[in-house]
Amino acid sequence: MRITRFSVVWLTAAWLANSPAHAADANCVNCHIDRNAQFKDSVHAATGLTCIDCHGGDPKANDETAHATDNFHRPDSKQAIAQLCASCHSDVRKMNPFGLPTDQLDRYKTSKHGEALFGKNDQRVAGCTDCHGAHDILKVNSPQARTFAANIPATCGRCHSDENLMSRYKLPADVVAQYKTSYHAQLLFEKGDLSAPTCVTCHGNHGATPPGTAEVGQVCGKCHGRQRELFEKSPHAEASAAGAFNQCVSCHGNHAIQKASVDLFASACVQCHANDPGQLARRDELVSVIKTAKVAYAKADERLHDATVRGLATDDEQILLQEAKTDITQLEALQHLLQPGELKLPAEHAQQTVAMIMGDIDHLEHIESWKRRALWPIWTFLGVMAVIFWLKRRQLE
């Protein structure tokens, strides 16, 4: 049987006609086969929406006359697309069943994208379909969705890595490349942590706007609440209020964000205090407290692991090690106080706990050694008896 293009179109249309969700779209497929291929797996198709719901037109027409109606919509600008999307997404009754917010268009209009689009008619800026797609919109938890957490940097990068486009707005085109070197990206891409910050975590999604200098700490504080609280008590807080310090960004960076560490102290502090021996001495004291505690913890962790592998009963020591780890974790937050005295208590407690672990392992190894020594007479006796029995057997033979 020869299958022609007409046969494929007719069969597809017949299948759609028998599908409740797409019955109204049967005639649309006569011309828009490619659009249907995109739409059929989308979140909108899954909820029962049809071509007619968004575009209107005459569902009974079997050719282009379907467009020749007063209610046919073909958005001719990004403003029109946004308004079309909002015709449903701003309707509380329609969005309530899905738990979706209804203020996204209003938020978008406050964003840099929305201000440029609605205020300046700039059609180059990102609109709904640039980020979500058009007919192929997927659920946000779908790994193929443009808005899936691990895909957000690539989605934003479609524009923000375009040097020609970014040059029009005097913006850098390397922000996504910088982000990929950050600790946040390491969590997202290498460890698969989908809760790790992406572009929209810090800038917002529909209301995307870069945080100002005074707002950076608040944005970071949404995740790093304890660090934010401690920073407010540090000398840097006063410098930040005076406009001489850009809060978190000054030390950690913005897109290429680096995790707090002793290595970061070495590179960050000299940016402001290169000629201030007193402040550098305070830095070195902080680093010494943290480093000493971490080195002790690492040695205990390694030795406890080896003892456990050898079969020693280390359950109690494993619990103690977790206590020491809690103290070490506290140091990572407390360092934002920039007060060495505040770090010494948990650091000393961690070292005391580590010393207990080391002592316990020494004791366990000592007992294990005595057990082995105690076995020597037994093994010797058994060996002698084995020789006697062997000799006796030879004699009998």
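Procedures and definitions
Residues numbered from 1 in each chain as written. Predicted model: local features only at pLDDT ≥ 70, side-chain atom pairs only at ≥ 80, totals over all residues. Heavy atoms only, no water. Helix = DSSP H or I, 4+ residues; strand = E, 2+ residues; numbered from the N terminus. Rg over C-alpha atoms; globule rule 2.2 N^0.38 Å. Buried < 20%, exposed > 50% of the residue type's maximum accessible area, 1.4 Å probe, protein only. Contact = heavy atoms within 4.5 Å. Core = buried A, V, L, I, M, F, W, Y, C linked by side-chain atoms within 4.5 Å. Axes fitted to C-alpha atoms, helices over the stretch in contact; angles between N-to-C directions. Parallel < 35°, antiparallel > 145°, perpendicular 65-115°, else oblique. Left-handed = near helix turned anticlockwise from the far one by under 90°. Nonpolar A, V, L, I, M, F, W, Y, C, P; charged D, E, K, R; others polar. Phe/Tyr/Trp six-rings, centres within 6.5 Å; stacked < 30°, edge-to-face > 60°. Lys NZ or Arg CZ within 6 Å of the ring centre and 35° of its normal. pLDDT = per-residue confidence, 0-100. Polar contact = N/O pair within 3.5 Å; in protein donor to acceptor, adjacent residues only side chain to side chain. Expected span 1.5 Å × (residues − 1).

From N to C terminus, the protein chain includes 23 helices and 0 strands. At 33 Å, the protein chain has a C-alpha radius of gyration far larger than the 21 Å of a compact globule built from 397 residues. In terms of overall dimensions, the protein chain has C-alpha extents of about 110 × 85 × 40 Å along its principal axes. Burial analysis of the protein chain (397 residues in total) assigns 29% to the buried set. The long-range fraction of contacts in the protein chain, counting pairs at least 24 apart against all pairs at least 6 apart in sequence, stands at 54%.

In terms of nonpolar packing, the biggest core is built from 30 residues, with Phe-265, Leu-321, Ile-328, Leu-331 and Leu-343 touching the most fellow members. Breaking this core down by element, the ones donating at least two residues are helix H21 (277–309), helix H22 (315–334) and helix H23 (340–396). The biggest single contributor to this core is H21, with 11 residues. When residues no more than four places from it in sequence are discounted, the contact partners of Leu-321 are Tyr-297, Ala-300, Asp-301, Leu-304 and Ile-357. In this structure, Ala-82, Ala-116, Leu-117 and Val-125 belong to the second largest nonpolar core, which totals 7 residues.

Turning to the packing of H21 against H22, a few remarks are in order. Two elements in contact, H21 and H22, have axes whose closest approach is 10 Å; the angle formed by their N-to-C orientations is 155°. Compared by their axis directions, H21 and H22 come out roughly antiparallel. With respect to the hand of their crossing, H21 and H22 are arranged in left-handed fashion. Between H21 and H22, the contacting residues are Ile-290, Ala-293, Lys-294, Tyr-297, Ala-300, Asp-301, Leu-304 and Thr-308 on the first element and Glu-317, Gln-318, Leu-321, Ala-324, Lys-325, Ile-328, Leu-331 and Glu-332 on the second. Taken together, the residues that form the contact of H21 with H22 break down as 9 nonpolar, 2 polar and 5 charged.

A complete count under the given rule lists 2 aromatic pairs for this structure. Each ring, one from Tyr-108 and one from Phe-118, has its centre 6.3 Å from the other, and the planes form 75°; the classification is edge-to-face. Here the residue Tyr-108 occupies a position in helix H7 (residues 104–110), and Phe-118 occupies one in helix H8 (residues 112–120), the gap between them amounting to 10 residues. What makes Tyr-108 buried here is its relative accessible area of 8%. Over the ring of Phe-118 we find Lys-109; its NZ or CZ atom is 5.0 Å from the centre of that ring.

With that out of the way, let us pick up the confidence of the model for the protein chain. Across the protein chain, pLDDT averages 89, with 93% of residues at or above 70. Every residue in residues 5–21 scores below 50 in pLDDT, and together they form 19 contacts with partners more than four places removed in sequence or on other chains.

On to the packing of H21 against H23. Axis separation between H21 and H23 bottoms out at 9 Å; the angle between their running directions is 20°. By the criterion of interaxial angle, the relationship of H21 to H23 is roughly parallel. Handedness of the crossing formed by H21 with H23: left-handed.

Let's shift gears to the side chain of Asp-122. Its place among the elements puts Asp-122 in the loop between H8 and helix H9 (128–132). In this structure the side chain of Asp-122 is engaged in a polar contact, spanning 2.9 Å, whose partner is the backbone nitrogen of Arg-124. In this structure Asp-122 touches Ala-116, Leu-117 and Tyr-169, once residues within four positions along its chain are discounted.

Attention now goes to H22. Note on helix geometry: an α-helix contains 3.6 residues per turn, so any two residues three or four positions apart are oriented the same way. Compared with the 28 Å implied by 1.5 Å per residue over 20 residues, the 29 Å span of H22 between its first and last C-alpha is a close match. Burial in H22 covers these residues: Glu-317, Leu-320, Leu-321, Ala-324, Asp-327, Ile-328, Leu-331, Ala-333 and Leu-334. As for H22, its buried residues are in contact with helix H16 (225–231), H21 and H23.

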